[in-house]
Each structure stands twice: as structure tokens, then as C-alpha cells.
Amino acid sequence: MKNLVVNPVLNKEFKLRFRNFKSYLGVLFYLLALGLIIVGFIFIESLSNNMQGFFKPDQSRTMFMILSVLQLALILFITPGLTAGVISSERERQTLNIMLTTTQSSASIVLSKLISSISYLLLLIAASLPLYSFVFLFGGVSPGQLLTTMGFYLFTILAFGSLGVLFSTLIRKTIVSMVTTYGVTLFLAGGTAFLALIFMQLNNAYNYSAVQPINPLAYFPAMLNPVIILIGTFEPEIINEIARSTGIEFPLWISYLISYTVIFIGALLLSIRKLRPNMRKG
């Protein structure tokens with residue numbers, strides 16, 4: 001197991017990624033941007049409280065929700081760019097064949113590429129944790145909710161990162177792999193929300209006119225949408241509305257975990273299998 005994760009491929013990727021000064025500049029500007037958003041939000045909301053200068057716990061909770069959605073948007077935007085070229089770029093540089101002739105297994109190479117590609121994103125999220133101290137300073141959010149959100153981020157990064165590695169393995173051109181990964185991510189983040197909204201509106205229309213019973217179709221795109229799941233952890237009324245509209249009482253977040261666990265495992269297994277397509281026989 002140690003050789004599966006800690007190997008020369010992973011060590012090389014870490015050194016190339018974190019010895020670049022631009023990486024640390026990215027962390028700096030990201031934290032500055034988040035800090036400005038937090039300070040600006042506190043300043044504006046404090047002035048809006050009848051000019052009393054107070055920042056209430058419910059406003060702190062709203063700020064936490066805004067930060068969480070911004071972090072999720074960052075994950076969905078950056079993860080495809082970090083993972084969609086990890087294998088195809090090696091193929092384009094004609095270094096993949098050299099890598100495949102080493103003693104490293106296909107599983108070791110795929111896992112190393114996945115871990116190294118999402119490590120920078122994990123660094124950004126970890127570096128932003130001290131900024132959440134502003135939230136605890138004013139109250140309104142529990143430490144358990146913060147831990148739940150961070151765990152949700154980690155799971156989502158792994159799931160969407162595995163999709164990027166899969167398309168990078170299946171598609172030879174990096175640009176095509178990246179466009180495909182961004183397209184799938186856009187559908188899972190925006191298209192599923194659009195479909196869920198359409199189905200819920202249809203259900204409301206039918207139920208209002210008493211023409212047709214409850215339709216469960218809105219549940220399935222909703223369980224694949226990370227934005228709906230994240231917001232639902234803050235506002236359970238959204239999840240309850242989907243349950244009432246679809247008639248399915250099974251927790252939406254559990255369906256999210258199950259479906260993306262299947263996607264994660266399936267993408268990794270297929271990537272490992274397709275990395276050496278001509279070497280399975282013999």
C-alpha cells in the first residue's frame with residue numbers, strides 16, 4: 001500500500017507543483033480576495049443595522065453560507081483544469097510510455113496523478129480555514145457544521161477529480177479532455193439544477209390542477225447537484241421541499257454520497273484499466 005501511494009511519480013509531481021513561486025502567489029491572492037469579501041460583508045452589514053454598527057449571528061451565518069458557496073464554485077471551476085490533462089499531457093510530451101515502462105503499476109500512476117493534481121486545491125481550502133475564525137467570532141455557526149462542509153469539499157474534489165483523470169486517460173488531446181471535463185462538470189453543477197427546477201415546477205403545476213400524482217423525477221437530478229446538497233445543509237427547507245415535490249423521503253445527501261462514490265470508484269477503475277490498453281493480453 002505504501003508503494004501504491006508514496007512513489008517517484010507522486011514525489012516528482014509534488015516537487016514540480018509546489019516549487020513554483022506562482023503557486024504561492026495564487027494562495028496569497030486567493031486569501032486576499034476572501035479576506036476582502038469577509039471584511040466588506042461585515043462592514044456593509046454592520047452599517048445596515050440601523051447604523052448601530054452591530055454584526056448579528058444570523059448575518060454571520062449568511063456570511064458563512066456565502067463563503068461556502070464561493071469555495072464550492074472554486075472547486076468546480078479549478079478541479080477540471082487541474083485533473084483533465086494529467087495523463088493526456090504526458091502522452092503529448094511522449095513521456096507516458098517511459099512512465100509505463102517503470103515498475104509503477106497503473107493504479108499507482110493514476111492515484112499519484114489524482115492526488116498531486118488536487119493537492120494544490122486542498123492547500124487553498126486549508127489555507128482559508130483561519131478566515132473562518134471571523135464566523136466563530138460572531139457566532140451563528142457550529143464547529144460541526146464547518147467540519148461537515150470541509151468533508152463535503154474533500155469528497156466533491158475527489159469525485160470530480162476522478163472524472164478529470166478518466167477523461168484525460170480516455171482522450172488523447174488535453175484540450176479536448178479539458179473541454180469534455182468542464183462540460184460534464186457544468187452539467188452536474190448547473191444542468192442538474194435546471195432539470196430539478198423544471199421537474200419541480202411541473203409537479204407543482206400538476207398537483208395544483210389535480211391532474212397527475214407526484215412525479216419523482218426531480219429527485220434524481222437534485223441528488224447529483226453539489227450546490228443543492230451544500231445549500232441544503234444550511235437550509236433544510238430546500239431538501240424538504242424537494243421531498244414533498246417528489247414524494248421520496250430518502251435523505252438527499254445520502255443519495256449524493258452513494259452516487260458519487262460509485263462515480264469515483266468507477267472512474268478510477270476505468271482509468272486504471274485504460275492506462276495500458278494494449279498490455280492486458282499476454
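Residues numbered from 1 in each chain as written. Predicted model: local features only at pLDDT ≥ 70, side-chain atom pairs only at ≥ 80, totals over all residues. Heavy atoms only, no water.

Going by the annotation in an unreviewed UniProt entry, the name recorded for the protein is ABC-2 family transporter, with Cytobacillus oceanisediminis given as the source organism.

Student: Describe the nonpolar core, and please don't skip the residues or the numbers.
Tutor: By size, the foremost hydrophobic cluster in this structure holds 61 residues, and its most contacted members are Tyr132, Tyr153 and Leu252. Ranked by the residues each element gives to this core, the list is headed by helix α9 (residues 143-170), at 10 residues. Filtering out sequence-adjacent residues up to four positions away, Tyr132 remains in contact with Phe64, Leu67, Ser68, Gln71, Leu146, Met150 and Tyr153. (Core = buried A, V, L, I, M, F, W, Y, C linked by side-chain atoms within 4.5 Å. Buried < 20%, exposed > 50% of the residue type's maximum accessible area, 1.4 Å probe, protein only. Helix = DSSP H or I, 4+ residues; strand = E, 2+ residues; numbered from the N terminus. Contact = heavy atoms within 4.5 Å.)

Student: Report on the UniProt feature "transmembrane region" (unreviewed entry) in the protein, specifying residues and quantitative values.
Tutor: The positions that UniProt labels "transmembrane region" (unreviewed entry) are, in the present scheme, residues 21-44, 64-87, 118-138, 150-170, 182-202 and 253-272. End C-alpha atoms of residues 118-138 are separated by 32 Å, and the span's content is 76% helix alongside 0% strand. (UniProt positions renumbered as here; feature names shortened; annotations may be inferred.)

Student: Which residues make up the confidence of the model for the protein, and what values do they have?
Tutor: Per-residue confidence for the protein gives a mean pLDDT of 82; residues scoring 70 or more make up 84%. Per-element confidence in the protein is highest for helix α14 (residues 252-275), whose mean pLDDT is 93, and lowest for helix α1 (residues 2-5), whose mean pLDDT is 48. The model gives residues 1-5 a pLDDT under 50, and that stretch makes 10 contacts with residues more than four places away or in other chains. (pLDDT = per-residue confidence, 0-100.)

Student: Give a description of the pattern of salt bridges that names residues and reports values.
Tutor: Under the counting rule described, the total for this entry stands at 3 salt bridges. A salt bridge links Glu90 to Arg93, with the shortest nitrogen-to-oxygen separation between them at 3.2 Å. With relative accessibility at 2%, the residue Glu90 sits in the buried group. Linking Lys113 and Glu90 is a salt bridge whose minimum nitrogen-to-oxygen distance equals 2.7 Å. Of this pair, Lys113 sits in helix α7 (residues 106-127) while Glu90 sits in helix α5 (residues 88-92), placing them 23 residues apart in sequence. Neither residue differs from the other here; Lys113 and Glu90 are each classed as buried. Look at the salt bridges and you will find they share partners, linking Glu90, Arg93 and Lys113 into a network. (Salt bridge = Lys/Arg side-chain N within 4 Å of Asp/Glu carboxyl O.)

Student: Give a description of the packing of aromatic side chains that names residues and reports values.
Tutor: Aromatic ring pairs: the centre-centre distance and the angle between the two ring planes describe each pair. Taken as a whole and assessed by the stated rule, the structure comprises 7 aromatic pairs. With a centroid separation of 6.2 Å and an interplanar angle of 55°, the aromatic rings of Phe77 and Tyr182 are classed as tilted. Of the two residues, Phe77 is situated in helix α4 (residues 57-83) and Tyr182 in helix α10 (residues 174-209); the sequence distance between them amounts to 105 residues. For Phe77, a relative accessible area of 58% translates into the label exposed. Relative accessible area serves as the criterion here: at 29%, Tyr182 is assigned to the partly exposed category. A network of ring pairs unites the aromatic residues Phe152, Phe155, Phe160, Tyr256 and Tyr260 as a single cluster. (Phe/Tyr/Trp six-rings, centres within 6.5 Å; stacked < 30°, edge-to-face > 60°.)

Student: So what about the packing of α4 against α9? Which residues, and what values?
Tutor: In the contact formed by α4 and α9, the axes pass within 8 Å of each other and the chain directions differ by 20°. One finds that α4 runs roughly parallel with respect to α9. Judged by the sense of rotation from one axis to the other, the crossing of α4 with α9 is right-handed. Of α9, the residues touching α4 (which contributes Phe64, Leu67, Ser68, Val69, Gln71, Leu72, Ile75, Leu76, Thr79 and Thr83) are Gln145, Leu146, Thr149, Phe152, Tyr153, Thr156, Ile157, Phe160, Gly161, Gly164, Val165 and Ser168. Looking at the contact of α4 with α9 residue by residue, the class counts come to 12 nonpolar, 10 polar and no charged. (Axes fitted to C-alpha atoms, helices over the stretch in contact; angles between N-to-C directions. Parallel < 35°, antiparallel > 145°, perpendicular 65-115°, else oblique. Left-handed = near helix turned anticlockwise from the far one by under 90°. Nonpolar A, V, L, I, M, F, W, Y, C, P; charged D, E, K, R; others polar.)

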